[in-house]
Amino acid sequence: MYPSVGAAIPAALLLITVPIYLHLIGEARYGVLAIVWLLLGYFGVFDFGFGRAVANRIAALHDATAEERQGIFWTGLAISAVTGLIGGAILYLLGDWLFAHVFHISGSLRIEAENAMPWLALALPLAIIISLLAGALEGRQAFLALNGAQIFGTVLYQLFPLVVAYAGWITLPYLISAAIVGRLLSVLLLFALSYRHVPLSPRPRFALHQVKSLLHYGGWITVTGLVGPLLTVFDRFLIGAKVGMVAVTAYTVPYNLVMRLSILPGSLQTALFPRFAMVDPTEAKVLAARAILSIGAIMTPIVVIGLLLIKPFLILWVGAALAEKTAPVGQILLVGIWINTLAIIPFTYLQGRGRPDLPAKFHVLELLPYVAILWVLIDRLGIPGAAWAWDLRVLADTLLLFWAAQTTSGLNRTMAGILPITGAFVIAFEMPYDSALYVGISLLLAGASIGWSIASIPQDQRTTLSRRLLARTPPVNSTVSQEKHGS
């Protein structure tokens, strides 16, 4: 519950701020800014997996002494700070070359991007330290504290640059430096929360003997962090190189919108990761099976309704001209997000059970075929081709993860949700959204997906829910009770 609330607020901010950003800084500069944030996110690989490794080790040490957890925390923090500085220096050098020779950017914007690189290099160590601090809180299952800190940090991260742009300073160095201020305040808050929840003593305690185990676990997380982001951000890099920054915006706007639909599955992943590390294998399998059914039940009606409403929503949100280009991309990505959210469970299961190597190996295996398919489909179909390539990649990844985790219980029932999704996809592509027939079929599909979702919830969960509802329902012969409930 708590993580989902923390993710919902940034999603709401996205809906509010994107049209304002586009109005204040323009589509081309917004596209460059999107590439800048992607570079920062990708270079988070210099975390070397220590955020996830610390979360795993602290969760496993839930019954250990505070001193043991402190050793893990301080060791991970020290190494993360050093690797963040090294990564920042590399990012500075590589970023200059990318903006000068790879991306199709006009002269003035290219100069802005190059001038912003020192600020971007400074932002990287802060991002890596945030990952480490968040991992410590996740390992302690301090989700309420983590949730509040993430809300605080993300709000500042999104709003500070917007305030600067509204004041008239719309160039990239000003926008990025404003975002860094938000990152710094987020680091301070997360450290204060870690101090309380790990808990920490005023004097740092290092556990050098733990470095090897952290590196072993974090090494495979690093491979995932190195290859995984390429699989998720290379589409925008390639669009920027082959088509241009306006096309990056046309792809990024629906991409970011659709990815916000994974709020609840992502929250479930955050909650399940320490549980998978703590429980025995049998209980972990049961948890995984129930989580698969839950994600299918949650995501199927969300995706169906999203497919049916995304085009009129985009018209209202960013205008008809941009919506005409972005709506097909969003519709294609919605199918992929349904597939990808199912993969969250076997992915988290493997990492939580100490097998981070398997997702990492799958990502390496997928990289070259994905790049080749992406290149061909962008050439032939434009930005919708990039969306189709992403869908194909996440389908392959999902199949591999379920095969490796052997957590397919309940998957057959969940796969039935593809029927209303397919129907919604077809009519969204083929019919005008403002016709009476479209509205009628949409209502039938939405109702069918919601009914299927309720039916697919495990029986014991339905029984528990029914009992809770009945316990809150007043007796039919109690006039006083009915009046109190507004009946």
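Residues numbered from 1 in each chain as written. Predicted model: local features only at pLDDT ≥ 70, side-chain atom pairs only at ≥ 80, totals over all residues. Heavy atoms only, no water.

How should I be thinking about the pattern of salt bridges in this particular structure?
Two side chains carrying opposite charge are able to pair once their charged atoms lie near each other. Applying the stated criterion across every chain yields a total of 8 salt bridges. Asp379 is the partner of Lys242 in a salt bridge, and the nearest nitrogen-oxygen pair spans 2.9 Å. Residue Lys242 is located in helix α7 (residues 211–242), and its partner Asp379 is located in helix α12 (residues 357–381); the two are separated by 137 residues in the primary sequence. We classify Lys242 as partly exposed; its relative accessible area is 28%. Salt-bridge contacts for Lys361 lead to Asp357; the nearest nitrogen and oxygen are separated by 3.5 Å. Pair noted here: Lys361 and Asp357 are both in helix α12, with a separation of 4 residues, about one helical turn. Taking relative accessible area as the criterion, Asp357 reaches 9% and is therefore assigned buried. When salt bridges that share partners are traced, they join Arg355, Asp357 and Lys361 into one network. (Salt bridge = Lys/Arg side-chain N within 4 Å of Asp/Glu carboxyl O. Helix = DSSP H or I, 4+ residues; strand = E, 2+ residues; numbered from the N terminus. Buried < 20%, exposed > 50% of the residue type's maximum accessible area, 1.4 Å probe, protein only.)

Help me understand unusual backbone geometry in this model?
Leave glycine aside and you will find that most residues have negative phi; peptide bonds, for their part, are mostly trans. The amide bond that connects Val198 to the next residue, Pro199, takes the cis arrangement and shows omega of -15°. Along the chain, Pro199 falls in the loop between α6 (172–197) and α7.

Would you take a moment to explain helix α5 (residues 143–166) for this structure?
Since the α-helix turns once every 3.6 residues, residues separated by three or four places project in the same direction. In a regular helix each residue adds 1.5 Å, so 24 residues correspond to 34 Å; α5 covers 34 Å between its end C-alpha atoms and thus fits that length. Once α5 finishes, Gly168 follows within two positions and takes phi at roughly 110°, a positive value. (Expected span 1.5 Å × (residues − 1).)

Is there a simple way to explain the side chain of Ser449 in this structure?
Checked against the element boundaries, Ser449 lands in helix α16 (residues 436–456). Judged by relative accessible area, Ser449 falls into the buried class, the value being 0%.

Explanation requested: the side chain of Ser186 in the structure shown.
As for its position among the elements, Ser186 is in helix α6. You can call Ser186 buried: its relative accessible area is 6%. Residues in contact with Ser186, not counting those within four places in the same chain, are Ile130, Ala149, Phe152 and Gly153. (Contact = heavy atoms within 4.5 Å.)

The values are spatial; any link to function lies outside them.
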